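Descriptive structure summary
Chain by chain, the residues run as shown.
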Amino acid sequence: MQDTIQTSNITDALGRARAHAPYLALSLQRETDLADSFAQGVLPSLGAVAVADLALPIATRLRRERRRLALIVAVADLAGAYDLTGVTHALSDFADRALDAAIRAAIAERTPDAEPRGS
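So, here's what we can say about the structure. (Residues numbered from 1 in each chain as written. Predicted model: local features only at pLDDT ≥ 70, side-chain atom pairs only at ≥ 80, totals over all residues. Heavy atoms only, no water.)

Packing of helix α1 (residues 7-20) against helix α3 (residues 32-39) leaves a shortest axis separation of 8 Å and a crossing angle of 130 degrees. The angle between the axes of α1 and α3 places the two elements in the oblique class. For the pair α1 and α3, the contacting residues are Ile10, Thr11, Leu14 and Arg18 in the first and Ala35, Phe38 and Ala39 in the second. Classifying every residue of the contact of α1 with α3 by side-chain character gives five nonpolar, one polar and one charged. (Axes fitted to C-alpha atoms, helices over the stretch in contact; angles between N-to-C directions. Helix = DSSP H or I, 4+ residues; strand = E, 2+ residues; numbered from the N terminus. Parallel < 35°, antiparallel > 145°, perpendicular 65-115°, else oblique. Contact = heavy atoms within 4.5 Å. Nonpolar A, V, L, I, M, F, W, Y, C, P; charged D, E, K, R; others polar.)

For the rest of this paragraph, the subject is the pattern of salt bridges. Applying the stated criterion to the full structure yields six salt bridges. Between Arg16 and Asp12 there is a salt bridge whose closest N-O contact spans 3.2 Å. Remark: Asp12 and Arg16 occur in helix α1; sequence separation between them is four residues, near one turn of the helix. When the shortest N-O distance is used, the salt bridge between Asp33 and Arg68 registers 3.0 Å. Note that Asp33 is positioned in helix α3 and Arg68 in helix α4 (residues 58-79), a separation of 35 residues in sequence. Exposure remark for Asp33: the relative accessible area of 41% places this residue in the partly exposed category. (Salt bridge = Lys/Arg side-chain N within 4 Å of Asp/Glu carboxyl O. Buried < 20%, exposed > 50% of the residue type's maximum accessible area, 1.4 Å probe, protein only.)

Just distances and angles here, no functional claims.
What follows is the structure in structure tokens.
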């Protein structure tokens, strides 16, 4: 990720995402906090992907987090803030975390007293 990214690059990337990427346009309508940040020329950190509502089922949380990640990574890529390595790293890290969370939830659902083990 580049250290500095111009506000105009982020707002331009936001406009292109809305105009040319239906999935991103719909996601921006659903994730208004991220859309507002982009509109102000701010690129949220990947920490903004997390959905804090732990009462939601894990599948719902992971879908929302995936949508939020897609928005941040796509706008960062379009704005020139992430190169291919940065995009790949962000997606791979999320995939690892999502798989771990899903596996832990499945084990807890089926055997509530068992602690997930393995590497």
